[in-house]
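Below are the chains, spelled out letter by letter.
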Amino acid sequence: MFDPFFSTKERGSGLGLAICASIVQTHGGRLKAANREVGGAVFTVELPARRRTGGPGGAGMNTVLVVVPDEALRARVVTALGDHSVFLAQSDAEALKTLRLIDIDVILRGGPGVAAELESFIARVKDVSPAALTVAIGAPGDETAAADFTLPLTFTHRELDGTCATWPTSFG
């Protein structure tokens, strides 16, 4: 059923479940299917609570949490991150909830008007996830002291790539 081009539908391509299974496996999980007694099917996705550091989805892929309220800036950041596994949060509170559920390697936070609470946010991040790296986007000089990395608000893809290149490729 998870094989490419397998379909029971007349107009189906047979790629949907194969793609889903591939994505789940890349993240170290499993996709299961079962028949329901009343008809239909149940699909279960099992993902590890902590990301593996070797094998599928491990070395070379960082898990990044983007905390950027501005939609246009958030889209630029996500596009520039390319192959990284990206999660989104629109507020500090949402970001901290995500950190408690998912093993995040890098937190990018920023945008116009968010510098005021940056130091406090980074302190709370370090309490929840001490090993996570923090990147401040667009914060003025003094506000970036607590961040591991900084980027200007008008960063280029090259600047973000340069910052990403300094991240470890495998977090423990």
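Structure's up top.
Residues numbered from 1 in each chain as written. Predicted model: local features only at pLDDT ≥ 70, side-chain atom pairs only at ≥ 80, totals over all residues. Heavy atoms only, no water.

(A) Region of interest: the pattern of salt bridges. For the structure on display, the rule yields 3 salt bridges. Residue arginine 109 pairs with aspartate 92 through a salt bridge whose shortest N-O separation is 2.8 Å. Of this pair, arginine 109 sits in strand S5 (residues 106-110) while aspartate 92 sits in helix H3 (residues 92-101), and the two are 17 residues apart along the sequence. Residue arginine 109 shares its accessibility class with aspartate 92, and that shared class is buried. (Salt bridge = Lys/Arg side-chain N within 4 Å of Asp/Glu carboxyl O. Helix = DSSP H or I, 4+ residues; strand = E, 2+ residues; numbered from the N terminus. Buried < 20%, exposed > 50% of the residue type's maximum accessible area, 1.4 Å probe, protein only.)

(B) Focus on the sheet that holds strand S6 (residues 133-137). Across the sheet, which stays open at both edges, the 5 strands sit in the order S4-S3-S5-S6-S7 with parallel pairing between neighbours. Edge positions in the open sheet fall to strand S4 (85-89) and strand S7 (149-151), since each of these has one partner strand only. Shown here is a sheet whose adjacent strand axes are inclined to one another by a mean of 20 degrees, direction ignored. When strand S3 (residues 63-67) meets S4, the two strands line up parallel, connected through 5 bridges. The partner of valine 64 across the bridge, within S4, is valine 86. Strands in contact with H3 are S3, S4 and S5; relative to S3, the strand with the most contacts, it is inclined by about 160 degrees. The strands that helix H4 (residues 118-128) touches are S3, S5 and S6; relative to S6, the one it contacts most, it runs at about 165 degrees. (Pairing = 2+ DSSP bridges. Axes fitted to C-alpha atoms, helices over the stretch in contact; angles between N-to-C directions. Contact = heavy atoms within 4.5 Å.)

(C) Region of the structure containing the packing of aromatic side chains. This structure, assessed with the given rule, holds 0 aromatic pairs. A cation over a ring is seen here: arginine 76 above phenylalanine 155, with NZ or CZ 4.2 Å from the ring centre. Sitting over the face of the ring of phenylalanine 121, arginine 109 holds its NZ or CZ atom 5.0 Å from the ring centroid. (Phe/Tyr/Trp six-rings, centres within 6.5 Å; stacked < 30°, edge-to-face > 60°. Lys NZ or Arg CZ within 6 Å of the ring centre and 35° of its normal.)

(D) Just H4, in detail. Those residues of H4 lying buried are Leu118, Phe121, Ile122 and Val125. For H4, the angular spread of buried residues about the axis comes to 95 degrees, placing them on one side. Seen from the open side of H4, the exposed residues pointing more than 90 degrees away from its buried face are Glu119 and Asp127. (Arc of directions from axis to C-beta.)

(E) Spatial organisation of the packing of helix H2 (residues 71-81) against helix H5 (residues 157-165). H5 packs onto H2 with a crossing angle of 55 degrees between their chain directions and a minimal axis gap of 10 Å. Judged on the interaxial angle alone, H5 and H2 are oblique. Between H2 and H5 lies a crossing whose hand is right-handed. Mapping the contact onto sequence places Val77, Thr79, Ala80 and Leu81 in H2 and His157, Leu160, Asp161 and Cys164 in H5. When its residues are assigned to classes, the contact of H2 with H5 shows 5 nonpolar, 2 polar and 1 charged. (Parallel < 35°, antiparallel > 145°, perpendicular 65-115°, else oblique. Left-handed = near helix turned anticlockwise from the far one by under 90°. Nonpolar A, V, L, I, M, F, W, Y, C, P; charged D, E, K, R; others polar.)

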